[in-house]
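Examination of the molecular architecture
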Amino acid sequence: MAELLLKNVTMKFGGLLAVDSLDLEVPSGKILSLIGPNGAGKTTVFNLITGVYKPTEGTITYNGETLNGLHSNKVVSRGIARTFQNIRLFNSMTVLENVQVGLHCRTKSGAIRALLNTPFLVQEEKEIAEKAMAVLEFLGLEEFRNDYASNLAYGNQRRLEIARAMATEPGTLLLDEPAAGMNPKETADLMELILKIRDTGLDIFLVEHDMRLVMGISDMITVLDYGQKIAEGTPKEIQNNETVIEAYLGSGGKK
Amino acid sequence: MKKIGIFVLCIAVIACFSGIATAKTLKIGTMSPLTGPYAQDGTYILQGVKTAVKAFEASGGLPGYDKIEILAEDSACDGGKATMAANKLINSDVSAIIGCYCSSATLPSSIPVDEAGIVMLTPASTNEKITERGFKKFFRLPPRDDVQGWSAVKFMENSLKAKTVALIDDRQTYTVGLVDNIKRFAKETGKLEFVAHEHITPGDKDFTAILTSLKRLNPDVIYMSIYQPEGSLMARQVKQLEITSTLVTEDACFQPKFTEVGGAATEGIYLTFAAPVADNPVRSDFVKAYSKDWGVGENEIGSFSFFAYDAAMLVLEGVKKAGVEKLAETIRASKSLGATGEITFDEKGDRALAHAVWIVKDGAFVPYYNPLTDTMY
Amino acid sequence: MDTSSFLIQQLINAIFLGSIFSLIALGYTMVYGIIQLINFAHGEMFTAGAFAGLIVLAGLQKVGFVDSHFIISMVLVFGLGMAYVAVLGVSIEQVAYKPLRNASRLAAILSALGMSIFLSNGMMLSQGVSDRGFPNALGWEGLKIMDAKISYGQVFIIILAFALMYGLWIFVTSTKLGKAMRATAQNKPMARMLGINVDKTIRVTFMIGPGLGAAAGIMVGMYYGSVRFDMGFIYMIKAFAAAILGGIGSIPGAMLGGMIIGFVEVGWSAFLPSEWKDVTTFVVMILVLYLKPSGLLGQSATEEKV
Ligand SMILES: Nc1ncnc2c1ncn2[C@@H]1O[C@H](COP(=O)(O)OP(=O)(O)OP(=O)(O)O)[C@@H](O)[C@H]1O
Ligand SMILES: [Mg+2]
């Protein structure tokens, strides 16, 4: 059963139809990629899922629960985490702190309790620190834990984005162009990492322009053009799809 | 039917207007700080005037008038605001104005009042320049700052036998004028040496840095030429810092708030203020009426309420005697007994009042030294 | 008084004054950090705290509780005063700022100014126009260091101020909520995306900032001995200068800025003619901004917010 399901989802910005009656499902434990030319509406789909925008029409459900109109922070607590196309780290926090912020939505104590109950607080902070370290180790970032996020190398900043999203303990991870700006070596490492994350049981929903990466790791691919789904299938099927090739070549070819 | 109705309505309206036209109202304007740091003193003044009007009306009122109205304006402690208030009162056709509190407000605002030919009486502003401008219809109830400065100097020289004095002012007309007077009179005898002259800003709360500097200089006297809000706080900080210099201050601190806020720290501080007035019936009646009107204890009455009461009474009695037109002449020629003693005016519009030095004792102001006779009370 | 006593005394004066400016500046900086708004009503929060503290203290003193249980009394005075202002702060945020969160900057600033005037007038009407004496709970005694004197009251206030600042520091650096606050200040959409309830975080900021301002108000009332409805104004200006000087949005910046303003004010009066004291604060501020436009500890405008 698909956990994340989009049914007939439409998003209009004024007169612009950014997403047009999109049906889509992210299969359990698999990697689904969403590809398409620039401005096709890929990021908008992520924004709709994560509550940045409310769909003009259609429904988005997750494990049977409707997400439409939920605030971003509520969507996260349901189990959907994401990264952004442009890096959005908390630059004046350390690597460890960035991950800890992600972990906080999974801890219990409220504001008053945290302010008053110091022993409990200390205990909880200790747990958070341990969990955060585990996430950093998984992503291979532990040696940088006390560096400021802004001081990391570019590839590691991208990794930290993923680490922070992972810290929210999601069931589904949305990655928006994680390989953007990476060199081939970094991209190869990233492919390995994404597979490793999938193997822990997460569903992965990936937006990416790097075709080597997309074709190399996706279980399924959906192609979007002008907000409409124009093709769907396995990497092999997509590679040979006439419409897709046309859409891509028409808008500047492979990226 | 409809037409008759309208006709009746017209008559009624006309009757109303003509009714207002024949009913005569005497308008008295007041200007005092009703907001800002000196609002307490401003309120004391306004309340003094109100009590006067109430008492005057109770004892027969003003023949020919069926109403006495007080138009109260807020002059803050600011020349510009006070001048605007004065113009507003002039335009409202007041017959006399009582105000302001701060000399810096009275000096400029009295100019348009004088030009409009309206009588003005100040119940509190003591800077001597105010009555040195030849205004014919201006009167001042409290004694002047040259008298105050002279009295303070005599006290420091003869009673305290001080040699060194540090001066503090807050750069306002009144406080600076007073300090200038002190320097001027001290120069005549040459007995006092001024070892420091510091300035504070009205509204400041912390004077510890300046006071620490003065502690190092250790003058015999610290003379505070500042208003009550800062005066109370400075007294506290002097005690806190264990400064042993004697504190001397002036009439702007001479009010209940000074000791209320300053508490034990004001004990033993000397102040110059108008010499004590022998008890008289007007004074005791005022004290009773005021404390009843405003629900305060008889020794919690602001010192400038007394002057304000007398000023209002001068206006009311003057109008009663010879009408609004001759008010200035009537007041100038009058010789009366007020809550602040016998009242007569010289050409300049000043009274021949003397200052005394008072001391804070158990939270109350007690007469201490008479500079005219160089004797203790 | 010899020179070293003099210097020690002025040092005490400066630290005392500086810690109060720091506490107030923190409120500005925290609110600015989180919603990029200069909370002009912060001076009134300070004053409201002083009045609340005064009312509690006067009540306790009337029944003779202060003399018998000094520590508990202080906990009550500061606790209730700060709590009251925290509630006031949140209410203001809900009423005057939250509806304008997506409106223009100018609208929010005007709303803040309006709030300031409204609260100031409210306090004038309810608490009167003139000075109110603050019961002297701290007494006059103190410690002597040579010829310099520091009263127990000052010691108490300085320790409390530093404890509050230390507590705040621990809070923002190592608690869940504190980190959420810093994350929200840096990037609200991202913070949301990590499950942080941004509205709640802003509310908490509007409790802590004004709460600290209230603590400073109570300290001022208690030490100097009087409160008046408009007393927040002069402190607001100086603490604002402190926040800007330290780098608005930066918490350590506000603490440092407050201390610097305290030292500049005292230092100037101690060694130079008091004539120009008030100008110096602003001269120093302008000079720092000229050399480092983002303030001493502020980072370049768009990045660091808390
Ligand atoms: N908030 C918005 N208001 C108006 N138009 C928007 C908004 N967000 C996106 N759009 C428009 O919607 C369309 C889809 O944008 P989107 O960012 O989803 O594309 P994308 O597929 O992610 O492109 P890229 O590959 O460049 O990231 C674009 O034409 C974009 O200009
Ligand atoms: Mg995109």
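Here's what I pulled together on the structure shown here. A quick note: this is a predicted structure, and the numbers were derived from the prediction, not measured. (Residues numbered from 1 in each chain as written. Chains lettered and ligands numbered in written order. Predicted model: local features only at pLDDT ≥ 70, side-chain atom pairs only at ≥ 80, totals over all residues. Heavy atoms only, no water.)

**Considering the coordination of the magnesium ion (ligand 2)**
Residues and elements named next belong to chain A. Each protein donor to the magnesium ion (ligand 2) is listed here as Thr43 (OG1) and Gln85 (OE1); together their distances run 1.9 to 2.3 Å. Taken together, the positions of Thr43 in helix H1 (residues 42-49) and Gln85 in the loop between strand S6 (80-82) and helix H3 (95-103) put the pair 42 residues apart, joining distant regions of the chain. Of the residues examined, Thr43 reaches a relative accessible area of 25% and is grouped as partly exposed. Owing to a relative accessible area of 32%, Gln85 belongs among the partly exposed residues under this scheme. (Donors = N, O, S within 2.8 Å, 3.2 Å for Na, K, Ca; no water. Helix = DSSP H or I, 4+ residues; strand = E, 2+ residues; numbered from the N terminus. Buried < 20%, exposed > 50% of the residue type's maximum accessible area, 1.4 Å probe, protein only.)

**Quick look at the interface of chain A and chain C**
Note: interface size is frequently given as the accessible area lost on complex formation between the parts. Counting from both sides, the interface comprises 28 residues of chain A and, opposite them, 25 residues of chain C. Interface area, chain A with chain C, both sides summed: about 2400 Å², of which 63% is carbon and sulfur. Considering only the side of chain A, the residues that lose the most area to chain C are Asn73, Phe90 and Ser92 of chain A, jointly responsible for 22% of the buried surface there. The salt bridge involving Arg182 of chain C is made with Glu97 of chain A; its shortest N-O contact spans 3.0 Å. Taken together, the connections running from chain A to chain C amount to five residue pairs in polar contact (both at pLDDT 80 or more). In terms of residue count, the dominant contributor to the side of chain A that touches chain C is H3 of chain A (four residues). Its residues assigned to classes, the side of chain A that touches chain C comprises 10 nonpolar, 11 polar and seven charged. (Contact = heavy atoms within 4.5 Å. Buried area = accessible area lost by both parts, 1.4 Å probe. Salt bridge = Lys/Arg side-chain N within 4 Å of Asp/Glu carboxyl O. Polar contact = N/O pair within 3.5 Å; in protein donor to acceptor, adjacent residues only side chain to side chain. Nonpolar A, V, L, I, M, F, W, Y, C, P; charged D, E, K, R; others polar.)

**Observations regarding the pattern of salt bridges**
One pass over the structure, following the stated rule, counts 27 salt bridges over all chains. The salt bridge involving Asp146 of chain B is made with Arg144 of chain B; its shortest N-O contact spans 2.8 Å. With respect to class, Asp146 of chain B is no different from Arg144 of chain B; both count as buried. A salt bridge links Lys149 of chain C to Glu242 of chain B, with the nearest nitrogen and oxygen atoms 3.3 Å apart. Remark: Glu242 of chain B occurs in the loop between helix H8 (228-240) and strand S9 (246-249) and Lys149 of chain C occurs in strand S3 (residues 148-151); the pair is interchain, linking two chains. Under the relative-accessibility criterion, Lys149 of chain C is labelled buried at 2%. Overall, the relative accessible area of 35% leaves Glu242 of chain B in the partly exposed class. A network of salt bridges, in which partner residues are shared, links Glu132, Arg140, Arg144, Asp146, Lys348 and Asp350 of chain B.

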